[in-house]
Amino acid sequence: MDKVIVNDVGPRDGLQNDPTETTPEQRVDLINLLVDAGVRSIEAASFVSPKAVPKMAQADKVFSLLDQSRCEFSALVPNMKGYELAKSAGARSIGVVLSATDTMNRKNINMSLDQATGVCIDVIKAASIDHVTPRAYIAVAVECPYEGSVDADDIHALTTRMFDAGAAEVIIADTIGAANPLQVKSLFTRLVSAFGARALSAHFHDTRAMALANAWQAMECGIRKLDASIGGLGGCPFAPGASGNLATEDLVLMLNQAGFDTGIDIVKLMQAVKFAEKIVHHPVGGKVRPYLEKNLA
Ligand code: COA
Ligand code: ZN
């Protein structure tokens, strides 16, 4: 069976933007339920300024409570300080964030595109030396909420910079969920032919209900690692219009039903959806939740 890695970003991309504050212990309980369901790759936290993103405070506590033998956990880091904090907390994999446009970098991390590119390269190089797996997000890869459509040439060039610096993986992110499947086909066909599919992954938001179609399209281009967020939690506080991520349960049901090996038990995954709902105090869940609750759980 063809393997697909589902990377759950709910504990980071999901909870960073939720109106409800969660404790590090609650975030770890959610992560452990995901691991129990078979998820083997999780973005557990971000080492960012607590003033910029208060919901991600105490990322070090999160890492201190994780059993890293069970799963590949990564941490998002916006700068060298974040990297150093993540390394000290024991993170073995990190993700830098490079937005494709100047304005988005300024809004998100208070750096120009050039500065952000330089910082990402420095962090990737430092992580490589420390044997911490360096990953790089290319955010707003199709459309930016401030600058509009993004040219595929720019994505190609930034992806090249990240791989040249030593990134083990580049995650192409449709941060505001504006992409349609034809755009995904065109962008991923180009990137896969330039860099190969193995080190690329895809991150979609479901703002316009096209995330699942986009994920399938990326798979058609050869991608076998996809981000998703439990319960469809998510959004970026600095990208207006970014609503929830592709829900992990929607993606996993599609992949399992289509015969791919995700290693994830959909019934157990629903325990994580229910727990996410309990800690954020509002309804969550992908489109498949009613079906799953009626037929499987
Ligand atoms: N983690 C924790 N604190 C950090 C930090 C990090 N990675 N980087 C900087 N800081 C602290 C500094 O020590 C300083 O603290 P002080 O006010 O107590 O002295 C303060 O934050 C400001 O530092 P500065 O370097 O001037 O940062 P800034 O104000 O220009 O903000 C970022 C830049 C990157 C720290 C901030 O914009 C950020 O954390 N962005 C994250 C955005 C995000 O998570 N987006 C969603 C995911 S893509
Ligand atoms: Zn996202």
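A brief look at the structure comes next. (Residues numbered from 1 in each chain as written. Chains lettered and ligands numbered in written order. Predicted model: local features only at pLDDT ≥ 70, side-chain atom pairs only at ≥ 80, totals over all residues. Heavy atoms only, no water.)

## Let's talk about the packing of aromatic side chains
Point 1. A complete count under the given rule lists four aromatic pairs for this structure.
Point 2. Plain terms: the ring middles of Phe47 and Phe63 are 5.8 Å apart, the flat faces sit at 45° to each other, and that makes the pair tilted. Taken together, the positions of Phe47 in the loop between β2 (41-46) and α3 (59-65) and Phe63 in helix α3 put the pair 16 residues apart, joining distant regions of the chain.
Point 3. Exposure remark for Phe47: the relative accessible area of 6% places this residue in the buried category. (Phe/Tyr/Trp six-rings, centres within 6.5 Å; stacked < 30°, edge-to-face > 60°. Helix = DSSP H or I, 4+ residues; strand = E, 2+ residues; numbered from the N terminus. Buried < 20%, exposed > 50% of the residue type's maximum accessible area, 1.4 Å probe, protein only.)

## As for unusual backbone geometry
Point 1. A positive phi angle is found at Asn110, which is not glycine, with a value near 60°.
Point 2. Summarising the element assignment, Asn110 is placed in the loop between α5 (102-109) and α6 (113-129).
Point 3. Given the relative accessible area of 67%, Asn110 is considered exposed.
Point 4. The phi dihedral of Val140 is positive, around 45°, even though this residue is not glycine.

## Quick look at the site of ligand 1
Point 1. Taken together, 19 residues form the shell around ligand 1, and within it Ser49, Lys51, Lys81, Asn108 and Asn110 come nearest.
Point 2. In the environment of ligand 1, a nitrogen atom lies 3.2 Å from a nitrogen or oxygen atom belonging to the backbone of Gly82.
Point 3. The fraction of the free accessible surface of ligand 1 (930 Å²) that becomes covered by protein chains is 65%.
Point 4. Only α4 (80-88) and α5 provide two or more residues apiece to the shell around ligand 1.
Point 5. Class assignment of the residues belonging to the shell around ligand 1 gives a composition of ten nonpolar, six polar and three charged. (Near = heavy atom within 4 Å. Polar contact = N/O pair within 3.5 Å; in protein donor to acceptor, adjacent residues only side chain to side chain. Areas by Shrake-Rupley, 256 points an atom, 1.4 Å probe, with all protein chains shown as cover. Nonpolar A, V, L, I, M, F, W, Y, C, P; charged D, E, K, R; others polar.)

## Re the coordination of the zinc ion (ligand 2)
Point 1. On the protein side, the zinc ion (ligand 2) has Asp13 (OD), His203 (NE2) and His205 (NE2) as donor atoms, found 2.0 to 2.1 Å from it.
Point 2. Within one chain, the residues serving as donors to the zinc ion (ligand 2) are arranged as D-x189-H-x1-H.
Point 3. We classify His203 as buried; its relative accessible area is 3%.
Point 4. A relative accessible area of 2% means that His205 is categorised as buried. (Donors = N, O, S within 2.8 Å, 3.2 Å for Na, K, Ca; no water.)

## So, the pairing of β2
Every other side chain in a regular strand lies on the same face of the sheet, so the side chains alternate between the two faces.
Point 1. For β2, the buried fraction is high: six of the six residues fall into the buried class.
Point 2. Note: strand β1 (residues 5-8) against β2, two bridges, orientation parallel. For Asn7, the partnering residue across the bridge sits in β2 and is Ser41.
Point 3. Pairing analysis gives five bridges linking β2 to strand β3 (residues 72-77), with the strands arranged parallel. Directly across from Ser41, in β3, lies its bridge partner Glu72.
Point 4. The parallel pair β2 and β3 is bridged by α3, and the resulting crossover is right-handed. (Pairing = 2+ DSSP bridges. Right-handed = clockwise from strand over helix to strand, strands pointing away.)

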